[in-house]
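Each chain, written out:
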Amino acid sequence: MDGLGSDHTPGRRRGAATAGKTARIRMSAAQRREQLISTARQLFAERGFDATSIEEVAARARVSKPVVYEHFGGKEGLYAVVVDREVRSLLERITTALTAGHPRELLEQAALTLLTYIEEETSGFRVLVRESPLMSSTGNFSSVMNDVAHQVEHILGAEFSSRGYDPKLAELYAQALVGMVALTGRWWLEVRRPRKETVAAHLVNLAWNGLSHLEPKPGLITIRKR
């Protein structure tokens, strides 16, 4: 009896272990989709769209290529989902943060929110700022910044009117301010110094002190000398 027990017990244990391992890695369709999106997001951030293949996504996610195709139809479909999520996430963050009525506080909120996103979601930001032939005018980093600029434009327009400046120029200044923050954010993505609060403070210092001393009708000194 002892011999019989010892012959069968290891087999049962191995079977139970195998079954347990299988159970741990089995995912629902929704879970598998999220895993593939997360995996692809990291690869697109590291390598870009062109250099990333479905084979790599499948290998890193430990699934077969047909599984990826089943969920997204191909690399283009997978990339579109990743980008769309990042666009919506960043825009929601910034829109939620823009609550102040005073222009200086608005600049602080926009700058700090973007830098925080870069810090916390580095892979997502890299995906957004990488160039891709599939990037549409409504689904990339520029589109997010344009949406933010439109929000800033409304606030600057009211501020300009109260100070006697031409409110029609609010769009120009909004694009300039948001562009300054966006380009600085791309630079900070790589260097990560100084700390984000310091970067935001200097951005606001430059922007706000410039806005505080605007000339109603500015001109170029070089042209005046001619």
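Note that the coordinates shown come from a computational prediction; the quantities given were computed from them, not determined experimentally.

Considering the overall build of the protein
Counting its regular elements, the protein contains 11 helices and 0 strands. Across the protein, helices and strands are ordered from the amino to the carboxyl terminus as α-α-α-α-α-α-α-α-α-α-α. Summing over all exposed atoms, the protein offers an accessible surface of approximately 13500 Å²; the carbon and sulfur share of this is 54%.

Examining the UniProt feature "DNA-binding region" (unreviewed entry) in the protein
Under the feature "DNA-binding region" (unreviewed entry), the UniProt entry names residues 53-72. The span residues 53-72 is 80% helical and 0% strand by assignment, and the distance between its end C-alpha atoms comes to 13 Å.

Brief notes about the pattern of salt bridges
Within the structure shown, the criterion is met by 14 salt bridges. With a closest N to O distance of 2.6 Å, Arg 85 and Glu 34 form a salt bridge. Linking Arg 85 in helix α5 (residues 75-97) with Glu 34 in helix α2 (residues 29-51), this pair joins segments that are 51 residues apart in sequence. Taking the relative accessible area as the measure of exposure, Arg 85 reaches 31% and is therefore partly exposed. For Glu 34, a relative accessible area of 37% puts it in the partly exposed group. The partner of Lys 196 in a salt bridge is Glu 119, and the shortest N-O contact between them spans 2.8 Å. Linking Lys 196 in helix α10 (residues 196-212) with Glu 119 in helix α6 (residues 103-120), this pair joins segments that are 77 residues apart in sequence. Salt bridges here are not isolated pairs; linked through shared partners, they connect Arg 41, Glu 86, Arg 93, Glu 120 and Glu 121.

Details of the nonpolar core
The biggest cluster of nonpolar side chains holds 61 residues, and the ones touching the most others in it are Val 68, Leu 90, Phe 141 and Met 145. Ranked by residues supplied to this core, first place goes to helix α9 (residues 170-191) with 9 residues. Phe 141 has contacts with Leu 90, Leu 114, Phe 125, Leu 128, Val 129, Ala 182 and Arg 186, leaving out every residue within four places of it along the chain.

Some words on helix α7 (residues 122-129)
Among the 8 residues in α7, 6 count as buried, and that is most of the element. Within the sequence span of α7, burial applies to Ser 123, Gly 124, Phe 125, Val 127, Leu 128 and Val 129. Taken together, the buried residues of α7 touch α2, α5, α6, α8 (141-163) and α9.

Some remarks on the environment of Thr 99
Summarising the element assignment, Thr 99 is placed in the loop between α5 and α6. Along the chain, Thr 99 and Ala 110 lie 11 residues apart, while their C-alpha atoms are 9.9 Å from each other.

Some words on the environment of Ile 37
Relative to the assigned elements, Ile 37 resides in helix α2. Owing to a relative accessible area of 5%, Ile 37 belongs among the buried residues under this scheme. In the structure, Ile 37 is positioned 44 residues away from Val 81 in sequence and 7.6 Å away in space, judged by C-alpha atoms. If we ignore the near neighbours within four places in the chain, the residues touching Ile 37 are Phe 72, Leu 78, Val 81, Val 82 and Arg 85.

About the cut-offs
- Within every chain, residues take consecutive numbers counted from 1 along the sequence as written.
- Thresholds applied to this predicted model are a pLDDT of at least 70 for local features of residues and 80 or more for the giving and counting of side-chain atom pairs; totals over whole chains, interfaces and linings are not thresholded and use all residues.
- To obtain the side-chain values, all non-hydrogen atoms of the structure were used and water was disregarded.
- Only runs of H or I of at least four residues qualify as helices and only runs of E of at least two qualify as strands under DSSP, and these elements are numbered from the N terminus.
- Using a 1.4 Å probe, accessible areas were evaluated by the Shrake-Rupley method; residue-level cover was limited to the displayed protein chains.
- UniProt positions are given in the numbering used here, feature names are shortened, and annotations may be inferred rather than shown by experiment.
- In what follows, salt bridge is the name for a side-chain nitrogen of Lys or Arg lying within 4 Å of a carboxyl oxygen of Asp or Glu.
- Summary of the burial criterion: residues with accessible area below 20% of their type's maximum are buried, those above 50% are exposed, and those between are partly exposed, where the area comes from a 1.4 Å probe applied to protein chains only.
- Joining through side-chain atoms within 4.5 Å is the link that ties buried Ala, Val, Leu, Ile, Met, Phe, Trp, Tyr and Cys residues into a set, and such a set is a nonpolar core.
- Any two residues having at least one pair of non-hydrogen atoms within 4.5 Å are treated as being in contact.

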